[in-house]
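Summary of the model geometry
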Amino acid sequence: MRKDVRILLVGEPKVGKTSLIMSLVSEEFPDDVPLRAEEITIPADVTPERVPTHIVDYSEAEQSDEQLYQEISKANVICIVYSVNNKKSIEKVTSHWIPLINDRTDKDSRVPLILVGNKSDLVEHSSMETILPIMNQYSDIETCVECSAKNLKNISELFYYAQKAVLHPTGPLYCPEEKEMKPSCIKSLTRIFKVSDLDNDGILNDKELNFFQRTCFNMPLAPQALEDVKNVVRKNIMDGVEDNGLTLKGFLFLHTLFIQRGRHETTWTVLRRFGYDDDLELHQEYLFPLLKIPADCTTELNHNAYLFLQSVFDKHDKDRDCALSPDEVKDLFKVFPYMPWGPDVNNTVCTNDQGWITYQGYLSQWTLTTYLDVQRCLEYLGYLGYSIICEQESQAAAITVTRNKRIDLQKKQTQRSVFRCNILGARGSGKTSFLQAFLGRNLLKQRKIREDHKSFYSINTTYVYGQEKYLLLHEVMPDFDFLSEEDLACDVVCLVYDVNNPRSFEYCAKVYKQYFMDSKTPCMMIASKSDLHEARQHYSLTPLDFCRKNKLHPPQPWTCNTVDAPNKDLYTKLTTMAMYPHMAQADLKSSTFWLRASVGATVFAVLGFAMYRAILKQR
């Protein structure tokens, strides 16, 4: 909502603009009326909407046209005052004032107008018959008020309606000519309905309606009030109530009714609670709440965020197969203004045999987005209504900012759950295959992936000493002459070479010597395509001798040319290295160290799967 409201009064001389302001302030008709009242500010605590209000007078005798134009440009609402006993002042409303104001304001953001008929104490008839055609002609006119500065009639109401026209404008919500809500309003309320429909059955049941009511208005509805609301809908439209709950059709009808009855504030309260601004766009402050991320810190989702995302998954996994079909994904993202996931997502995370994103893959994709682009993650959570459903101040409450990596090294332990591994190697060395194998895909399955659907990332869970962690693999393009800070910033480096290509290892050796030899980032050498004949590498040292000389692990043989899913032991080793970078190379090379990590991973992977199956049964 706006922080303040600026009301400008214009009109012909002697219609009573100044008298209206002075009668409001002093609560009595002034004996001596100046040519123009000074600007006054009404404090927030004495206005119905709790917003400071500035009231500005205009005097043709004291102000120039240029000053008038400046005031029009600054005003949030303009009251055009006419005298009910002066036909000329009424005619001037359409012949002079409305055209003048429209010429001075942008067509797409017209300022709301209030027509004010003053001096009603001097006549016995109403001017409404003359004014109604004008109101129908100009959509900018919010309302018309007849009042009397002398008798103090409708003075406070006048300024209340002016304030309301700014804070709860009709324009963005409703088209008077068509007598229906505007498409942008329907679109916004439809998103609100979908977010509030917690079980995604297309109906707001009593529990959901009460949550919605408490969220927007800080109070639940009494059972009788709930029934009254549903009865109003039942009487007026078909299909507005189903299974004793409110359908989208019924929900939209109620808001149309509120607007038609002049209760715009009800609809605006709902829209603003769900993050909308005066143009029915989601506020930047709502989508991108402030989140400070110091250098060398990463961003992860916390436990409550994962619970929320699990509930969103459950809500849209209608067939309960623990995967999201294309239609289910489309339904999930209906509350977004665009489709956030492209076809590459299916090759970034785990999918089922049909190529649909699994529950684990879905959480992995959210984890990836949070780590790589936390602002995008905040935006996505905003569309899903995280702060509203979880009753948090903002989506920032879903994010954990990890401590500086330097502190992790000093303390020799980490609290992080997501670790980044950058994959480097010459073209054709097997980097892409290494990423896809992490998702359980052998060479046969990988050959079915379209070139334009490939991803430079893959993410999945691994277990190290019984702890579930996310390992994020990033394939770095092989431009040896330029590796960016992002290419180098990671928790562990994987250097991949093709054992069958005699020129493949040289790239890894050069990259290591130039970029990683003196860094504290642990590195692992991968001997890719180990099912093929091992060619002699055209380099001064063999890969094994190079690793010994630089105190690296021996090259790890690896292939994805298998019948079953490729072995995942290497990924566990990489995660372990990322978690314990402070450990000496001798410790990391120790076979017992790797054995303990691998056994722990196997045991907990089995336990984790059993628990996962149990949770799915409950769901």
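Here the structure is a predicted model, which is why all the values come from computation and not from measurement.

The rules behind the values
Along each chain, residues carry numbers from 1 onward, in the same order as the chain's sequence is written. Given that the model is predicted, a residue must reach a pLDDT of at least 70 before its local features are reported, and side-chain atom pairs must reach 80 or more before they are shown or counted; all residues, however, enter totals for whole chains, interfaces and linings. Note that the side-chain values use all heavy atoms of the structure and ignore hydrogens as well as water. Helix and strand assignments come from DSSP, with helices taken as H or I runs of at least 4 residues and strands as E runs of at least 2, each series counted from the N terminus. Computation of the radius of gyration draws on C-alpha atoms, with the globule rule given as 2.2 Å multiplied by the number of residues to the power 0.38. Relative accessible area decides the class of each residue, using a 1.4 Å probe on protein chains only: under 20% of the type maximum gives buried, over 50% gives exposed, and in between gives partly exposed. In what follows, a contact means two residues having at least one pair of non-hydrogen atoms within 4.5 Å. For accessible areas, the Shrake-Rupley method is used with a probe of radius 1.4 Å. Any residue's cover is judged against the shown protein chains and nothing else. We treat Lys and Arg as the positive residues and Asp and Glu as the negative residues; His and chain ends play no part in the count. Each charge is placed at NZ for Lys, CZ for Arg, CG for Asp and CD for Glu. The rule is short: rings of Phe, Tyr and Trp, with Trp giving its six-membered ring, pair when the centres are within 6.5 Å, and they are stacked under 30 degrees, edge-to-face over 60, tilted in between. Whether a charge lies above a ring is judged from NZ of Lys or CZ of Arg, which has to be within 6 Å of the ring centre and within 35 degrees of the ring normal. Within the patch definition used here, like charges are joined within 9 Å and nonpolar side chains (Val, Leu, Ile, Met, Phe, Trp, Tyr) within 5 Å, considering only residues with over 30% relative accessible area and no salt bridge. Only one rule defines a salt bridge in this text: a Lys or Arg side-chain nitrogen within 4 Å of an Asp or Glu carboxyl oxygen. Any two strands with at least two DSSP bridges between them are considered paired. A fitted line through C-alpha atoms serves as each axis, taken over the contacting stretch for helices, and the angle formed by two N-to-C directions is quoted from 0 to 180°. Domain segmentation is taken from an automatic or database assignment of domains. Any residue with an atom within 4 Å of a point lines the site, the site being either a cavity, points on a 1 Å grid over the protein atoms alone where a 1.4 Å probe fits but cannot get out, or a pocket, an open set with protein on both sides within 12 Å along at least 5 of 7 lines. Grid points are joined across faces, edges and corners, and a volume is the space filled by probe spheres set on the points. By the convention adopted, Pro, Cys, Tyr, Trp, Phe, Met, Ile, Leu, Val and Ala count as nonpolar, Lys, Arg, Asp and Glu as charged, and the other residues, Gly among them, as polar.

**Quick notes on the overall build of the protein**
- When helices and strands are counted, the protein shows 25 helices and 21 strands.
- At 34 Å, the protein has a C-alpha radius of gyration far larger than the 25 Å of a compact globule built from 619 residues.
- Within the protein, the proportion of its 619 residues that are buried is 53%.
- Contacts spanning at least 24 positions in sequence make up 70% of the contacts within the protein whose residues lie at least 6 apart.
- Summed over its atoms, the accessible surface of the protein is roughly 30400 Å², and 50% of this surface lies on carbon and sulfur atoms.
- Where the 72 positive side-chain charges of the protein centre and where its 81 negative ones centre are 8 Å apart.

**Some details on the packing of aromatic side chains**
- Evaluated as defined, the whole model comprises 25 aromatic pairs.
- On the basis of an interplanar angle of 70° and a centroid distance of 5.0 Å, the ring pair of Phe333 and Trp341 is categorised as edge-to-face.
- With a relative accessible area of 10%, Trp341 lands in the buried category.
- Members of the aromatic cluster, joined through ring pairs, are Phe313, Phe333, Phe336, Tyr338, Trp341, Tyr359, Tyr362, Trp366, Tyr380 and Tyr383.
- Sitting over the ring of Tyr69, Arg104 keeps its end group 3.7 Å from the ring centre.

**Re a negative patch on the surface**
- A surface patch of like charges, here negative, comprises Glu27, Glu28, Asp31 and Asp32.
- Residue position: Glu27 is located in the loop between α1 (17–26) and β2 (40–42).
- When its relative accessible area of 63% is taken as the criterion, Glu27 is described as exposed.

**Comments concerning the pattern of salt bridges**
- All chains considered together, the criterion is met by 21 salt bridges.
- The partner of Asp498 in a salt bridge is Lys529, and the shortest N-O contact between them spans 3.3 Å. With a gap of 31 residues between them, Asp498 in strand β19 (residues 492–498) and Lys529 in the loop between β20 (523–528) and α22 (543–549) connect regions that are remote in the sequence.
- Residue classification places Lys529 among the partly exposed residues on the basis of a relative accessible area of 26%.
- A salt bridge links Lys510 to Glu506; the shortest N-O distance between them is 3.4 Å. Of the two residues, Lys510 and Glu506 both sit in helix α21 (residues 504–516), four residues apart, roughly one turn of that helix.

**Digging into the sheet that holds strand β16 (residues 418–425)**
- Read from one edge of the open sheet, six strands run β17-β18-β16-β19-β20-β21, paired in mixed fashion. If you trace the sheet from one side to the other, it starts and ends with β17 (457–464) and β21 (556–558), each paired once. Neighbour-to-neighbour, the strand axes of the sheet open up by a mean angle of 30°, direction not taken into account.
- The pairing of β17 with strand β18 (residues 467–475) spans eight bridges and is classified as antiparallel. Bridging across to β18, Thr462 finds its partner in Lys469.

**Regarding the domain arrangement of the protein**
- As assigned here, the protein comprises domain 1 (5–167), domain 2 (177–281), domain 3 (289–337 + 348–388), domain 4 (411–579) and domain 5 (592–618).
- Distance between the C-alpha centres of domain 2 and domain 4: 53 Å.

**Some words on the pairing of strand β1 (residues 5–11)**
- Counted residue by residue, β1 has seven buried out of seven residues, so it is predominantly covered.
- Sheet topology places β1 next to strand β3 (residues 53–57); five bridges connect them, and they run parallel. By the bridge assignment for β3, Val5 is matched with Thr53.

**As for the layout of surface pockets**
- Taken as a whole, the second largest pocket holds about 1400 Å³ of empty space.
- Looking at the second largest pocket, it is lined by 45 residues, and the ones nearest its centre are Ser139, Glu142, Pro169, Thr170 and Gly171.
- Among the elements that take part in the lining of the second largest pocket, helix α5 (residues 155–167) stands out by supplying four residues, more than any other.
- Residue composition of the lining of the second largest pocket, by class: 18 nonpolar, 14 polar and 13 charged.
- Inspection of the lining of the second largest pocket shows a minimum of three residues originating in each of domain 1 (5–167) and domain 2 (177–281).

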